[in-house]
Amino acid sequence: MPSYIDQENGVFPSVCSLDCPDQCGLLVHKKDGKITKIEGDPNHPVTQGSICNKVRHMTNRLYDENRLQYPLKRIGKKGEGKFARISWEEAISEITSRWKKLIKDHGPESILPYSFYGNMGLITSEGMDRRFFNALGSSQLDRKICQSAGTKGYSYTMGGNIGVDPEDTIHAKLIIFWGINAVSTNMHQVMLAQKARKNGAKIVVIDVHKNQTGRLADWFIPIKPGTDGMLALGLMHILFKENLVDEAFMQEHTIGHEQLRKHVRQYTPEQTAEITGVSLEDLYELAELYATSASAFIRIGNGLQHHDNGGMATRAISCLPAVTGQWAKKGGGAIKSNSGFLSHNEDQLQRPDLLTNKNTRVINMNQIGDALLQTDDPVRSMFVYNSNPAVVAPSANKVREGLQRDDLFLVVHDLFLTETAKMADIVLPATSSYENTDFLASYWHHYVQLQQPVIEPFGEAKSNTDVFRLLAAEMGITNEAFSATDEELIQMSLNYEENPYISHITFEGLKEHQFMKADLNLSLLENLPTASGKIELYSEKMIEDGYDPLPVYVPIKPDGDYEFMFIPGPNHNFLNSTFSNNDKHQKLEKEPKVHLNSADAGRLHIEDGEMVKVWNDRGMCELKAAVGETVLPGVAVTQGLWSDQDGKIQLVNALTPDRLSDMGDGATFFSGRVNVSKIV
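Residues numbered from 1 in each chain as written. Predicted model: local features only at pLDDT ≥ 70, side-chain atom pairs only at ≥ 80, totals over all residues. Heavy atoms only, no water.

Draft legend 1. Spotlight on the overall build of the chain. Looking only at helices and strands, one finds 25 helices and 27 strands in the chain. Over its C-alpha atoms the chain spans a radius of gyration of 25 Å, differing by no more than 12% from the 26 Å that the globule rule assigns to 680 residues. Based on the C-alpha atoms only, the size of the chain along its principal axes is roughly 70 × 65 × 50 Å. Burial statistics for the chain: of 680 residues in total, 62% are counted as buried. For the chain, the proportion of contacts with a sequence separation of at least 24, taken over those separated by at least 6, is 75%. Surface accessibility of the chain: about 25,500 Å² in total, with carbon and sulfur atoms responsible for 47%. Between the averaged position of the 67 positive side-chain charges in the chain and that of its 87 negative side-chain charges there is a distance of 3 Å. (Helix = DSSP H or I, 4+ residues; strand = E, 2+ residues; numbered from the N terminus. Rg over C-alpha atoms; globule rule 2.2 N^0.38 Å. Buried < 20%, exposed > 50% of the residue type's maximum accessible area, 1.4 Å probe, protein only. Contact = heavy atoms within 4.5 Å. Areas by Shrake-Rupley, 256 points an atom, 1.4 Å probe, with all protein chains shown as cover. Lys, Arg positive; Asp, Glu negative; His and termini not counted. Charge placed at Lys NZ, Arg CZ, Asp CG, Glu CD.)

Have a look at this one:
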């Protein structure tokens, strides 16, 4: 059978590579060798043909007139955006000659990769790149900007990233979206929730902002930012006190329930109400509803774990399904992430054995601003791919100052001249996922999917794997690890005896079926990867790691003498900074706003629609005020990562802290404070 590329016309299977839990199955329409339309694959068991606006308009992005087609070399000042076209040979030669000199003069740790999951293809995001920088001996990047705090907290309870099968949640009678704007970030879980609602389920949303998901709810519960852990502990106090727990389940499937029962007595409903802003009446109603529902499911979002205390908050919430025995009920339990079911052979893919110096410097990506401004043994070159740190990283003004250093040799591999790429010395054009061979594994549903290239590379664009093969060859790295084809990388990754859930999934199987599901015949409760093999309400591992063995509430850290908690959440039509450069998506989203409570706006003489200044000691933004009752007093919420443009200062990450979370060394985007004032 000829490849999809060889066929000029037709409809071909594909998969969405965006950093989104839904990871939709797609059908790609081609005419005369070009993609003309992308639609959902109705045969995909979870996504069932429904896709978001971002993917529906993907052809605009693929064939955007501003998409990079060939390598560029800077000819103007850094950040000026002036480049000249060069060949790939010139680009690779320039990069490697500069690196060879840096390694000779300052050692390999003077070079740093910076990437995340702008493309969720697994060999694109963590294949040849990891092999290359391991073999090079460069500084290593700690990639913890997204969900490391919550992952750590949840894992202390459940042993790993494992939860209920999303397809079973249609059987739940109570669905709680906790700290997640799922309408915009997990739309198919919302579709499943709506199916459950038709069967009698109630949808509850707990969040700091009554966003689209909050408006969808049967019951929206506003909460003060950073108090989610306190709410979970207060609910457990009520559940134990009112005998709304499942004693038999706890006895059989948990350890530490007696310690937890005594521990949560200190988190009284009165104290919980005062700290969280949730009324006493609502606390008791929510506890009773959760305990008495025939089956209750919690979708734990990323939002609440982007606080100083985000790991422990997730840890506390993760105890609730065990206390009430929800895991034994069809559709009951929780999902923080389901990536544990689809874990692949990372060692074979990334080859950490190629890094000979095991004490190589490690830099947390959340603190890239500090790293770039460090004068003692500084980072002298950075290679950026699958990310746009000038917009997405916290404390963005520090990041941009570091990126604009004249002595920083910056290389960016991307589809567009992003804000980061405009500061680069060399810019390399990247392929889209539709031009690559790759495999993808959802961190929400239980399917592994195959991406086969549908179209030829755009212009002179090259894939990540091809670029790192070229760099390795030019650097004189001859290890066999760099001769592996993309197909072989996939085969190595899927060959993973340690994960029995994917033992049946092979590259050949994916070629035949396009997507394959984890083997869920293995009982979750009988195969928990905790030390005890049970749900750990009391965790000895936490003691070893320096934490309280039981969930506790610790308030978020002080962040200057500012009036408002600042929450820069996602919006509906961007995905981080992806699509923010596209006119259509900007028009769909309209403009950046800051949501304020009416009482705060009245006190500050701010009217709805007026321009306001939002600032702290890290930076400043000018945004339009959206005044109403969608947030509690003392809270300011924005949506989406809008870059500065047309003279407008609207980079919200200029305001965010780069502190690390309580566990997992994660980001604390939502624990910053700001002031807001009317622009006269």
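Structure shown, so let's carry the discussion forward.
Draft legend 2. Summary view of the layout of surface pockets. The space that makes up the second largest pocket amounts to roughly 1,500 Å³. Every residue lining the second largest pocket is counted, 45 residues in all, and those nearest its centre are Y117, T151, N161, S339 and E346. Secondary-structure elements contributing two or more residues to the lining of the second largest pocket are α4 (122-126), β7 (140-142), α6 (148-158) and α16 (346-350). Among the residues making up the lining of the second largest pocket, the classes are represented as 18 nonpolar, 17 polar and 10 charged. (1 Å grid on protein atoms, 1.4 Å probe; cavity = no way out; pocket = protein on both sides within 12 Å on 5 of 7 lines; lining within 4 Å. Points joined across faces, edges and corners; volume = space filled by probe spheres on them. Nonpolar A, V, L, I, M, F, W, Y, C, P; charged D, E, K, R; others polar.)

Draft legend 3. Spatial organisation of the packing of helix α5 (residues 128-136) against helix α20 (residues 464-474). One way to put it is that α5 packs onto α20 with a least axis distance of 8 Å and a crossing angle of 25°. Of the possible angle classes, the one that applies to α5 and α20 is roughly parallel. Crossing handedness for the pair α5 and α20: left-handed. For the pair formed by α5 and α20, the contact residues are M128, D129, F132 and F133 on the first element and T465, F468, R469, L471 and A472 on the second. Looking at side-chain class alone, the contact of α5 with α20 contains six nonpolar, one polar and two charged residues. (Axes fitted to C-alpha atoms, helices over the stretch in contact; angles between N-to-C directions. Parallel < 35°, antiparallel > 145°, perpendicular 65-115°, else oblique. Left-handed = near helix turned anticlockwise from the far one by under 90°.)

Draft legend 4. Geometry of the packing of aromatic side chains. Scanning the model with the defined rule gives 17 aromatic pairs in all. With a centroid separation of 4.9 Å and 80° between ring planes, the pair formed by F116 and Y117 is classed as edge-to-face. In terms of burial, F116 and Y117 fall into one category: buried. Centre to centre, the rings of Y156 and Y547 are 5.9 Å apart; their planes meet at 65°, and the pair counts as edge-to-face. Residue Y156 is found in helix α6, and its partner Y547 is found in the loop between α23 (540-544) and β22 (564-569); the two are separated by 391 residues along the sequence. According to the relative accessible area criterion, Y156 is buried, its value standing at 6%. (Phe/Tyr/Trp six-rings, centres within 6.5 Å; stacked < 30°, edge-to-face > 60°.)

Draft legend 5. Here's a closer look at the side chain of S580. Relative to the assigned elements, S580 resides in the loop between β22 and α24 (583-589). In this structure S580 touches F574, Q586 and L641, once residues within four positions along its chain are discounted.

Draft legend 6. Here's a closer look at the pattern of salt bridges. Within the structure shown, the criterion is met by 32 salt bridges. Between R351 and D353 there is a salt bridge whose closest N-O contact spans 2.9 Å. The salt bridge partner of D658 is K398, with a shortest N-O separation of 2.8 Å. With D658 in the loop between β26 (635-639) and β27 (672-678) and K398 in helix α19 (residues 396-403), this pair connects stretches of sequence that are 260 residues apart. Its relative accessible area of 12% is what places D658 among the buried residues. (Salt bridge = Lys/Arg side-chain N within 4 Å of Asp/Glu carboxyl O.)

Draft legend 7. Region of interest: the sheet that holds strand β19 (residues 447-451). One open sheet holds the three strands; their spatial order is β18-β19-β20, and the pairing between them is antiparallel. The two strands at the open ends of the sheet, each matched to only one other strand, are β18 (438-441) and β20 (515-517). Here the average twist between neighbouring strands, direction ignored, is 20°. Of the strand pairs in this sheet, β18 and β19 are connected by four bridges, and their pairing is antiparallel. Bridge assignment links F439 to a residue of β19, and that residue is L450. (Pairing = 2+ DSSP bridges.)

Draft legend 8. Highlighting the environment of S337. Tracing the sequence through the fold places S337 in the loop between β13 (333-335) and α16. With 88 residues separating them along the chain, S337 and F249 place their C-alpha atoms 23 Å apart. Among all residues touching S337, those that are not within four sequence positions of it are Q147, N161, I162, G163 and Y443. Side-chain polar atoms of S337 contact the side chain of S339, separated by 3.2 Å. Reaching out from S337, the side chain makes a polar contact with the backbone oxygen of Y443 at a distance of 3.4 Å. (Polar contact = N/O pair within 3.5 Å; in protein donor to acceptor, adjacent residues only side chain to side chain.)

Draft legend 9. Just α6, in detail. Here α6 lies mainly inside the structure; nine of its 11 residues are buried. Among the residues of α6, S148, A149, G150, T151, G153, Y154, Y156, T157 and M158 are the ones counted as buried. On its buried face, α6 is in contact with β12 (296-300), α15 (310-323), β13, β21 (535-536) and α23. Looking one or two residues past α6, G159 carries a phi angle of roughly 90°, positive in sign.

Draft legend 10. Representation of the pairing of strand β15 (residues 381-385) within the structure. Most of β15 sits inside the fold, with five of its five residues counted as buried. Of the two faces of β15, the one lined by S381, F383 and Y385 and the one lined by M382 and V384 are each fully buried. One ladder, built from five bridges, connects strand β6 (residues 111-115) with β15; its direction is parallel. Bridge pairing in β15 links L112 to M382.

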